[in-house]
Amino acid sequence: MDKTHLLSDQDGASGPGRSYGTCTDPNMEANDGATAPPADMMPVVPGYENLGPNVIPPSHFGSSQPQAPPRAPERRFDIPAISEELAQEAFTEYVSSKCCYSSKPVKEMVFTDLQSLNTYRYRLETFTESRTTEWDSEPYNGQVVDGFGVAPEPWSIPVPVPSLFKNCKKSVRVPHTSTVKGCHSCLNLGRSACRKCVNSGRTRCGHCCGTGWISSSERRRCGLCSGSGMVRCHSCGGVGSITCKTCKGHGKLLCFIKLIVTWKNNIHVSVIDKGSGFPLKLLNQITGEKLLTDMAPMVYPVVSFPDHSVNAASESAVREHQAQFCTTCRILQQRQTIELIPITQVYYAWKEKTHTFYVYGTEHKVYTKDYPATCCCCSIL
């Protein structure tokens, strides 16, 4: 049995004649706006003593254990091998897509055997919700400060669940945790030192590279800087400081605790193969015939499928997911499916030798390891 693991972001020197405006401006580096002050500057909110990236255990560990379903009557899920006509058609199309494959084996081959290889794909999806908290802030410009009252516990804050089995993330402000603090980035001033000119208001002239002369041989004075080698900083307009990006010039921040809710679809896939020698990785993009679909807040392992390897795969996956997620996340929904992927191994004779190829999936794709008639370049490869 092949098992796929859990599938369940300073200015540089410019040569003479180059425009000084092309230099990178350090003041323009990416900035996401307000950020919370250091944690040691923030008050301790009851129930939120341990903020950070670690997930918060849910108030109760998942749903109650699922009940075993009534035992269904056993059924056989066998798909007969494809016909010789369909195998011929699929193989012909495959060979014609290969520029270095001769068409002679397809035209002259004689089928000797077609064997159906039942291959099952078991898939378990566990849709979970996890929550973390951290301090966040926004520039304060007189908005209402919600800092009175008892902050609700992280798992008691209602957050609507998005579409099931789709990854999603949402941030929510925790009520009654707001407070106003001075901006830690600019020390309440509303302005920060210009990093381009290092608070001086002037930068090196890019036209003369700071020498004051255009040509050392002619001793011609630079007209842009009047021979001083320095020009007014275009980033701050010569002031030496810029508006603080954290507080947007207000000097104060409205700080609050942010609840981060993450919904994730954790996927486990097992492919049950009977040692056919077929490379199972080719089945990742192949569709099969869906034999079973079971969805519930917590599913019960499949127990009555005719192939006991599928039952064992389901038992292992369900127990593994429940043990992995119940204590750290809230399991909202689970879904398990079983697919039968048709694979036919075709044996044929050509020039008194036996060869084989596979026709697989409902798309009737073809795989062969050793095609008997290829050009020399393919043989070397």
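Residues numbered from 1 in each chain as written. Predicted model: local features only at pLDDT ≥ 70, side-chain atom pairs only at ≥ 80, totals over all residues. Heavy atoms only, no water.

Draft legend 1. Quick peek at the overall build of the chain. Each helix and strand in the chain was counted, giving four helices and 17 strands. Residue burial in the chain is summarised as follows: out of 381 residues, 41% are buried. Surface summary for the chain: the accessible area is close to 21300 Å², and the carbon and sulfur share equals 52%. (Helix = DSSP H or I, 4+ residues; strand = E, 2+ residues; numbered from the N terminus. Buried < 20%, exposed > 50% of the residue type's maximum accessible area, 1.4 Å probe, protein only. Areas by Shrake-Rupley, 256 points an atom, 1.4 Å probe, with all protein chains shown as cover.)

Draft legend 2. A look at helix α1 (residues 84-96). Over its 13 residues, α1 runs 18 Å from end to end, which matches the ideal 18 Å to within 8%, given 1.5 Å per residue. Those residues of α1 that sit buried are A87, A90, F91, Y94 and V95. Down the axis of α1, the sector holding all buried residues measures 130°, keeping them to one side. Summarising the geometry of α1, the exposed residues directed more than 90 degrees from the buried face are E85, E89, E93 and S96. Contacts from the buried residues of α1 go to α2 (104-108), β2 (110-116), β15 (343-350), β16 (353-360) and β17 (365-367). (Expected span 1.5 Å × (residues − 1). Arc of directions from axis to C-beta. Contact = heavy atoms within 4.5 Å.)

Draft legend 3. How the structure looks around the nonpolar core. Counting residues in hydrophobic clusters, the biggest one holds 20 residues, and the most contacted among them are Y48 and V174. Sort the elements by how many residues they give to this core and strand β12 (residues 252-272) lands first, with six residues. If you look at the next biggest cluster of nonpolar residues, it comprises 18 residues, including V106, M109, W350 and A373. (Core = buried A, V, L, I, M, F, W, Y, C linked by side-chain atoms within 4.5 Å.)

Draft legend 4. Geometry of the sheet that holds β17. Spatial ordering of the open sheet is given by β2-β15-β16-β17, a layout of four strands whose pairing is antiparallel. In this open sheet, the two edge strands, each paired with only one partner strand, are β2 and β17. Across this sheet, the average inter-strand angle for adjacent strands is 25°, counted without regard to direction. In the sheet, β16 pairs with β17 via three bridges, with the strands oriented antiparallel. When the bridges of β17 are listed, Y358 appears paired with Y367. (Pairing = 2+ DSSP bridges. Axes fitted to C-alpha atoms, helices over the stretch in contact; angles between N-to-C directions.)

Draft legend 5. Local environment of the pattern of salt bridges. The full count for this structure, using the stated rule, is eight salt bridges. Note that K258 is salt-bridged to E134, the shortest N-O span being 3.3 Å. Pair noted here: K258 is in strand β12 and E134 is in strand β3 (residues 119-139), with a separation of 124 residues, a long-range link. Between R319 and E315 there is a salt bridge; the shortest N-O distance is 3.1 Å. (Salt bridge = Lys/Arg side-chain N within 4 Å of Asp/Glu carboxyl O.)

Draft legend 6. Expanded view of helix α3 (residues 308-325). Between its first and last C-alpha, α3 extends 26 Å over 18 residues, near the 26 Å set by a 1.5 Å rise per residue. Along its buried surface, α3 packs onto β3, β12 and β14 (330-341). The residue sitting at the N-terminus of α3 and contributing the capping side-chain oxygen is D307; that oxygen lies 2.9 Å from the backbone nitrogen of S309. (Polar contact = N/O pair within 3.5 Å; in protein donor to acceptor, adjacent residues only side chain to side chain.)

Draft legend 7. Geometry of the confidence of the model for the chain. Across the chain, the average pLDDT comes to 84, with 84% of residues at or above 70. For the chain, strand β1 (residues 2-4) is the element with the lowest average pLDDT, namely 45, and strand β4 (residues 168-173) is the one with the highest, namely 96. (pLDDT = per-residue confidence, 0-100.)

Draft legend 8. Seen up close, the state of the cysteines. According to the stated counting rule, one finds zero disulfides in the structure shown. Of all cysteine sulfurs, the one in C197 lies closest to C194, which takes part in no disulfide; the gap is 3.7 Å. The exposure class assigned to C194 is buried, which follows from its relative accessible area of 1%. Left unpaired, C329 is separated from the closest cysteine sulfur, that of C326, by 9.2 Å. (Disulfide = S-S within 2.5 Å.)

Draft legend 9. Spotlight on the side chain of H355. Assignment of secondary structure puts H355 in strand β16. Residues within four places of H355 in sequence aside, it is in contact with V346, Y347, Y348, W350 and P372.

Draft legend 10. Layout of the environment of Q333. With respect to the element layout, Q333 can be found in strand β14. With 205 residues separating them along the chain, Q333 and T128 place their C-alpha atoms 7.3 Å apart. Ignoring sequence-local partners within four residues, the contact set of Q333 consists of E125, T126, F127, L164, F165, M295, A296 and P297.

Draft legend 11. Representation of the side chain of R121 in the model. Of note, R121 is situated in strand β3. Residue R121 is classed as buried on the basis of its relative accessible area, which comes to 10%. One polar contact links the side chain of R121 to the main-chain carbonyl oxygen of I286, over a distance of 2.6 Å.

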